[in-house]
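Topology and contacts: notes
The residues making up each chain are set out below.
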Amino acid sequence: MRKLIQSLHDRLPVWAADWLDILVPAVEVVLIGLISWLLMRLVRKVIRRITGTYGLPVNVASLFLRVMGAVIYGGAALWALERMGVSGAILWTAFTGFATVGAVAFFAAWSVLSNLFCTLLIYITRSFRVGDVVELLEAGDKPGMKGRVTDINLVYTTLLESGDAQNGTSLQLPNSLFFQRVLRRWNGTAAEGDLIVRQQQT
């Protein structure tokens, strides 16, 4: 393609060759923008399908969509700048600088990011859902933290330990904790009976 454009450039008069030098990068930038837009539409459809299949919450899907948008549009911007004649060395220096800052921020916020990833795993693996009675077991046969799941957000899972939402106690557990300990799910009448006993004890 480059050889074809160069041969056409050599055959054109000077004034037309100057316009060709402007027109070709402009068309390439438009095509890059169109490709990135189509790619984002594809990502949105895939995320909608995954959200419908696994029941992901809207905030998890929107966060993933924003991350993918930053990656796709950021890459498209760098590619467009390269097609417009910006030096590759400058682009590479900028990219490595941003990557270094991103890596430092990633390690600094590792605990939060691990909870975000565990939230995604909770919904994909269907380990528990809102309304389930779950218990995180301590070492050995010691009773663990137990309650009915009332909310699963990006960082915490809330367990209603006793009482109700207005008059009771609840636990907020980091989502990563559910992948570090043994998880017990209580089903049917066993869950209801044990929760009633616990509430009477408290």
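Residues numbered from 1 in each chain as written. Predicted model: local features only at pLDDT ≥ 70, side-chain atom pairs only at ≥ 80, totals over all residues. Heavy atoms only, no water.

1. Quick notes on the confidence of the model for the chain
Confidence along the chain averages 78 in pLDDT terms, with 77% of residues attaining 70 or more. No element of the chain has a lower mean pLDDT than helix α6 (residues 188–201), at 57, and none a higher one than strand β2 (residues 145–152), at 89. (pLDDT = per-residue confidence, 0-100. Helix = DSSP H or I, 4+ residues; strand = E, 2+ residues; numbered from the N terminus.)

2. Section: the side chain of N115
Looking at where N115 falls in the secondary structure, it is placed in helix α5 (residues 110–125). Its relative accessible area of 7% is what places N115 among the buried residues. There is a polar contact of 2.9 Å between the side chain of N115 and the backbone nitrogen of S176. Every residue in contact with N115, bar those within four places of it in the chain, is listed here: L154, V155, P174, N175 and S176. (Buried < 20%, exposed > 50% of the residue type's maximum accessible area, 1.4 Å probe, protein only. Polar contact = N/O pair within 3.5 Å; in protein donor to acceptor, adjacent residues only side chain to side chain. Contact = heavy atoms within 4.5 Å.)

3. Examining a positive patch on the surface
A surface patch of positive charge is lined by R41, R44, K45, R48 and R49. Note on placement: R48 falls in helix α2 (residues 14–54). Judged by its relative accessible area of 58%, R48 is exposed. (Patch = residues over 30% accessible without salt bridge, like charges linked within 9 Å, V, L, I, M, F, W, Y side chains within 5 Å. Areas by Shrake-Rupley, 256 points an atom, 1.4 Å probe, with all protein chains shown as cover. Salt bridge = Lys/Arg side-chain N within 4 Å of Asp/Glu carboxyl O. Lys, Arg positive; Asp, Glu negative; His and termini not counted. Charge placed at Lys NZ, Arg CZ, Asp CG, Glu CD.)

4. A look at the packing of aromatic side chains
Per the stated rule, a full pass over the model turns up one aromatic pair. Ring geometry for F128 versus F178: centroids 4.8 Å apart, planes at 45 degrees, classification tilted. Here F128, found in the loop between α5 and β1 (133–137), pairs with F178, found in the loop between β4 (168–174) and β5 (182–186); they are 50 residues apart in sequence, far enough to count as distant. Classification of F128 by relative accessible area gives buried; the value is 0%. Residue F178 is classed as buried on the basis of its relative accessible area of 6%. Stacked on the ring of W186, the Lys or Arg K146 has its end atom at 3.1 Å from the ring centre. (Phe/Tyr/Trp six-rings, centres within 6.5 Å; stacked < 30°, edge-to-face > 60°. Lys NZ or Arg CZ within 6 Å of the ring centre and 35° of its normal.)

5. Concerning the nonpolar core
Counting residues in each nonpolar core, the largest one holds 13 residues, and the members touching the most others are F128, V134, V149, I152, L159, L173 and F178. Elements represented by at least two residues in this core include exactly α5, β1, β2 and β4. Once residues lying within four places of it in the same chain are set aside, the contact partners of L159 are V134, M145, K146, G147, R148, V149, T169, S170, L171 and L173. Core analysis: the second largest hydrophobic core is formed by five residues, M40, V43, I47 and A61 among them. (Core = buried A, V, L, I, M, F, W, Y, C linked by side-chain atoms within 4.5 Å.)

6. A look at unusual backbone geometry
For R126, which is not glycine, the phi dihedral falls at a positive 55 degrees. One can find R126 in the loop between α5 and β1.

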